[in-house]
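Below, each chain spelled out in residue letters.
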Amino acid sequence: MISLQQPLAHIRRLHQRLARIRATLSSSPPHNSIPLSTGYFLRRKYDGGRKMALIPSQILRVAILLSYFSILCNYKAIDMPAHQTYGGSWKFLTFIDLVIQAVFFGVCVLTDLSSLLTKGSASMEQERQLRKLIGLRDWMMAVLAFPVGAFVVTMFWTLYVYDRDLVYPRLLDNFIPQWLNHGMHTTVLPFIIIEMRTTHHRYPSRTCGLFAVCMFAVGYVVWMCWVHSMTGVWVYPLLEHIGPTARILFFICLTALISVYYVLGEILNNYIWDSSKSSLESDKTKTD
């Protein structure tokens, strides 16, 4: 007589394994509930109704950092007369903004590397240093990267459409190619919005943040006035066409505008992450 105990025991073990697999799948969160704060940028691409993979924000930051290095190197390689005069490239807010963006994304990449190296470490000192890096990254995003980047992009293209000779004379087309012009004056804003969308940045108090932004704006105005006192020429042709009183009002308006961009950045950052949090909570409620 054939014994059925061994096949039955094997089938019983298979049923137990399937039950464990079902329990694991039912307890795992749905794919679309992955929080963006984990460092992933969701690309809404579909294949037969199925959402495709996520792009790690760490890779995006490295790519953006390399693009800024390329832009800076190509810009500095251009033999323009303005580079040979007093102040060199540092007279122009566009160049200062490129340096700010490159340093900011460099800090972001360094933060990612530090987080990876200290993952699972019990060292309090390493955690303290990582918190300092994260604090520096968030401060640069709030005070410099977003407001200065948004200011440069919007002001440049507004004046360019109105009268390009006021901010970007046609003579520069002989030195700066179109792709480099867009790299300096267009892609800055999308890059910084991508960074804001992928990582939650903690803003300082509004008083401290606005004070820091205003100090930057006043410092650049003083620097422009100093260059004019040394060379007799204003950095931007627009300033040659207005009187002293109009210049003062213009500088005040620019300082107020960059402060507005700081507040807009804070509001946008809170909106993105409050919406993400609400979405995650609603998804969790549905799954429960």
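From a predicted model like this one, the values you see are computed outputs, not experimental measurements.

1. Side note on the UniProt feature "transmembrane region" (unreviewed entry) in the protein
So, point 1. Following the UniProt record, the feature "transmembrane region" (unreviewed entry) maps to residues 59-78, 98-118, 139-159, 179-196, 208-236 and 248-268 here.
So, point 2. As annotated, residues 139-159 comprises 100% helix and 0% strand, and the C-alpha atoms at either end are separated by 29 Å.
So, point 3. Here residues 179-196 is 89% helix and 0% strand, with 24 Å between the C-alpha atoms at its ends.

2. Looking at the nonpolar core
So, point 1. Of all hydrophobic cores here, the largest spans 67 residues; its most connected members are Y68, Y75, F104, F105, I176 and M224.
So, point 2. Sort the elements by how many residues they give to this core and helix 5 (residues 124-163) lands first, with 16 residues.
So, point 3. Not counting residues up to four positions away in its chain, the partners in contact with Y68 are L98, Q101, A102, F105, V188 and F191.

3. Brief notes about the pattern of salt bridges
Should their charged atoms come close, side chains of opposite charge can pair.
So, point 1. Scanning the entire structure with this criterion turns up 5 salt bridges.
So, point 2. A salt bridge links R61 to D112; the nearest nitrogen and oxygen atoms lie 2.8 Å apart. With R61 in helix 2 (residues 57-77) and D112 in helix 4 (residues 93-117), this residue pair connects regions lying 51 residues apart in the sequence.
So, point 3. For D112, a relative accessible area of 17% corresponds to the buried category.

4. Describing the layout of surface pockets
So, point 1. The computed volume of the largest pocket comes to approximately 1000 Å³.
So, point 2. Lining the largest pocket are 46 residues, with F92, V167, V235, Y236 and P237 sitting closest to its centre.
So, point 3. Sorting the residues of the lining of the largest pocket by element identifies helix 3 (81-84), helix 4, helix 5, helix 6 (178-185), helix 8 (206-231) and helix 9 (244-287) as the ones contributing at least two each.
So, point 4. With 7 residues, the top contributor of residues to the lining of the largest pocket is helix 8.
So, point 5. Here the residues of the lining of the largest pocket sort into 39 nonpolar, 5 polar and 2 charged.

5. Description of the side chain of T94
So, point 1. By the element assignment, T94 lies in helix 4.
So, point 2. Residue T94 is classed as buried on the basis of its relative accessible area, which comes to 16%.
So, point 3. At 2.9 Å, the side chain of T94 forms a polar contact with the side chain of H185.
So, point 4. Residues contacting T94, with those up to four places away along its chain left out, are V152, M184, H185 and Y236.

Rules used in this analysis
Residues numbered from 1 in each chain as written. Predicted model: local features only at pLDDT ≥ 70, side-chain atom pairs only at ≥ 80, totals over all residues. Heavy atoms only, no water. UniProt positions renumbered as here; feature names shortened; annotations may be inferred. Helix = DSSP H or I, 4+ residues; strand = E, 2+ residues; numbered from the N terminus. Core = buried A, V, L, I, M, F, W, Y, C linked by side-chain atoms within 4.5 Å. Buried < 20%, exposed > 50% of the residue type's maximum accessible area, 1.4 Å probe, protein only. Contact = heavy atoms within 4.5 Å. Salt bridge = Lys/Arg side-chain N within 4 Å of Asp/Glu carboxyl O. 1 Å grid on protein atoms, 1.4 Å probe; cavity = no way out; pocket = protein on both sides within 12 Å on 5 of 7 lines; lining within 4 Å. Points joined across faces, edges and corners; volume = space filled by probe spheres on them. Nonpolar A, V, L, I, M, F, W, Y, C, P; charged D, E, K, R; others polar. Polar contact = N/O pair within 3.5 Å; in protein donor to acceptor, adjacent residues only side chain to side chain.

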